[in-house]
Amino acid sequence: MNTYVAEVLNDVRKRYPWEKEFIQAVTEVFESIEPLVDRDPRYQKEKILERIVEPERTIFFKVPWKDDRGDYHVNRGYRVEFNSALGPYKGGLRFHSTVTLSALKFLGFEQMFKNSLTGLPMGAGKGGSDFDLKGKTPGEVMTFCQSFMTELSRHIGADTDVPAGDIGVGGREIGYLFGQFKRIRNSFEGVLTGKGLKWGGSLVRPEATGFGCVYFAQEMLRTRGASVEGKTCAVSGFGNVAWGVAKKLEELGGKVVTISGPDGMVHDPSGIRGDKIEFMLEMRASGHDRVKDFADEFGVSFHAGKRPWQIPCQVAFPCAIQNEMDAEDVKRLVSNGCTCIAEGANMPLTLEAVEAARTAGILYSPGKASNAGGVACSGLEMSQNSMRLRWTREEVDQRLHQIMVDIHQNCRAASEEFGRPDDYVLGANISGFRNVAEAMIEQGLV
Ligand code: NDP
Ligand code: 2IT
């Protein structure tokens, strides 16, 4: 490894040994950008790597709230404002029991390259809380969101930092957060994306991550003269992203045969389509957090504690959470005939799984490229808010589609430039990194 890249990576490992996910994300990016750093001495001279791995600001606060019985609780809240070289900090909020500073740093770091890939003027951030929505009443969720925003509102704004949803934060939570921001700051502004359609939200934003992921998979398959039409697809998760992927696959003639949750996996060989897709939304909204309900409702098989990757498929869409697919899973998928893995979630493959996919020579896209449709549509929502107008569904979808085609094209161009055609990890990391690094150089001491 290039000695400068190795030194900075080593420093990160030594400085933050407990931040496993952050180290994993930095390792993947640094290994990819090595040939670029080798070629361009400015990055070392200007200490771009040392500067790019540190968030510009990390906000850590307590979130006190009261349940319906009047008992007190406290959770931890965070916002990692990672990098503003390309625009206001931009990225989602995650409410999930696994949220730690390490998880949010990895997500903010990935967001930096993802947002850069969209070509829209957005910097990077990520935030959230270790609040667990399971079993909470709607009133408790509202109280929690209000308390969370009471502190967060000091740090965000339409031109400063624009959060959105992520795991556990959907339309309902964005509504409560927006309402509280407005009360505190007395300002109706595009401070959050994923808003309701009647109050500044964009058409297609709910579907955008999933739609974008399928558009990206289509582009990858096209390079091998194939498409999703007629393909059997395995999807994990049952949330916002999995839902959007299932909808677009149905439209394009792909067959989704699995979804999954923390309780296990559903296998539906006849295909998840129509009402079954909409049932995913009901399951998510119920707060029970289990996919067994789907199996009970439609009389299909449920496999407790299992993941979808044992089911034969041609295309796989991991859409649940980080590190949900390991090297064994990839090998099993490939031996069962899978030729393409498109990440809907952020970092769902372990480093070893990524290596297994590359070694097998299948099409594999990292989330920062294939799930960029969500934040891209958030960028389009910001544009509409700034102009105080609203585009039609067709207009937003057409822009989203074009952005995904362009990201694919840019990834391929970068991978070819460095002699590794088909390597979307290298292509996405180099292409995403280059814009941020150049902007940092041009802006001086940032
Ligand atoms: P949701 O909260 O809507 O859904 C996530 C789903 O995955 C939940 O049902 C969750 O259940 C489930 N899940 C969590 N862990 C597991 C597991 N080990 N096995 C199976 N299912 C699991 O979140 P999103 O759909 O928005 O997010 C999914 C992924 O996509 C995340 O990695 C997110 O960062 C990424 N993403 C989201 C974007 C967006 O716009 N929403 C944009 C780009 C990426 P539970 O909560 O109980 O764990
Ligand atoms: O991971 C992601 O890109 C998101 N959760 C969406 C972020 C956004 O600002 O729309």
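Residues numbered from 1 in each chain as written. Chains lettered and ligands numbered in written order. Predicted model: local features only at pLDDT ≥ 70, side-chain atom pairs only at ≥ 80, totals over all residues. Heavy atoms only, no water.

Quick look at the overall build of the chain now. Of the regular secondary structure elements, the chain holds 17 helices and 12 strands. Dimensions of the chain along its principal axes, counting C-alpha atoms only, are 60 × 50 × 45 Å. The buried share of the chain, taken over its 446 residues, is 58%. Summing over all exposed atoms, the chain offers an accessible surface of approximately 17400 Å²; the carbon and sulfur share of this is 50%. (Helix = DSSP H or I, 4+ residues; strand = E, 2+ residues; numbered from the N terminus. Buried < 20%, exposed > 50% of the residue type's maximum accessible area, 1.4 Å probe, protein only. Areas by Shrake-Rupley, 256 points an atom, 1.4 Å probe, with all protein chains shown as cover.)

This part takes up the site of ligand 1. Near ligand 1, the surroundings consist of 24 residues, among which His 96, Asp 166, Arg 284, Asp 289 and Asn 346 are the closest. Between an oxygen atom of ligand 1 and a side-chain N or O atom of Arg 94, the distance comes to 2.9 Å. Within the backbone of Val 241, one N or O atom sits 2.9 Å away from an oxygen atom of ligand 1. Calculation on ligand 1 without its partners gives an accessible area of 870 Å², and the protein chains cover 89% of this total. Breaking the shell around ligand 1 down by element, the ones donating at least two residues are helix 8 (205-222), helix 9 (240-252) and strand 7 (255-261). (Near = heavy atom within 4 Å. Polar contact = N/O pair within 3.5 Å; in protein donor to acceptor, adjacent residues only side chain to side chain.)

What follows is about the sheet that holds strand 3 (residues 89-95). Spatial ordering of the open sheet is given by 1-2-4-3-5, a layout of five strands whose pairing is mixed. Two strands in the sheet have a free side with no partner beyond their single neighbour: strand 1 (57-66) and strand 5 (161-164). Geometrically, the sheet is characterised by an average inter-axis angle of 20° between neighbouring strands, direction not taken into account. With 10 bridges joining them, strand 1 and strand 2 (residues 72-83) adopt antiparallel strand pairing. Bridged to Lys 62 within strand 2 is Arg 76. Across the sheet, helix 6 (residues 138-152) is in contact with strand 1, strand 2, strand 3, strand 4 (124-129) and strand 5; its angle to strand 1 comes to roughly 145°. (Pairing = 2+ DSSP bridges. Axes fitted to C-alpha atoms, helices over the stretch in contact; angles between N-to-C directions. Contact = heavy atoms within 4.5 Å.)

Two quantities define a packed helix pair, namely the angle between the helix axes and the distance between the axes. Packing of helix 5 (residues 101-118) against helix 15 (residues 372-387) brings their axes to within 9 Å, and their N-to-C directions diverge by 65°. For the element pair helix 5 and helix 15, the recorded crossing hand is right-handed. In this structure, helix 5 uses Gln 111, Lys 114, Asn 115 and Thr 118 to contact helix 15, whose residues at the interface are Ala 372, Val 375 and Ala 376. Here the contact of helix 5 with helix 15 is built from residues that sort into three nonpolar, three polar and one charged. (Left-handed = near helix turned anticlockwise from the far one by under 90°. Nonpolar A, V, L, I, M, F, W, Y, C, P; charged D, E, K, R; others polar.)

Contacts to ligand 2 come from 14 residues, most closely from Lys 90, Lys 114, Asp 166, Arg 205 and Ser 378. Within the side chain of Arg 205, one N or O atom sits 3.0 Å away from an oxygen atom of ligand 2. Notes on ligand 2: free accessible area 300 Å², of which the protein chains cover 94%. For the shell around ligand 2, the elements supplying multiple residues, two or more each, are strand 3, helix 5 and helix 15. When its residues are assigned to classes, the shell around ligand 2 shows two nonpolar, seven polar and five charged.

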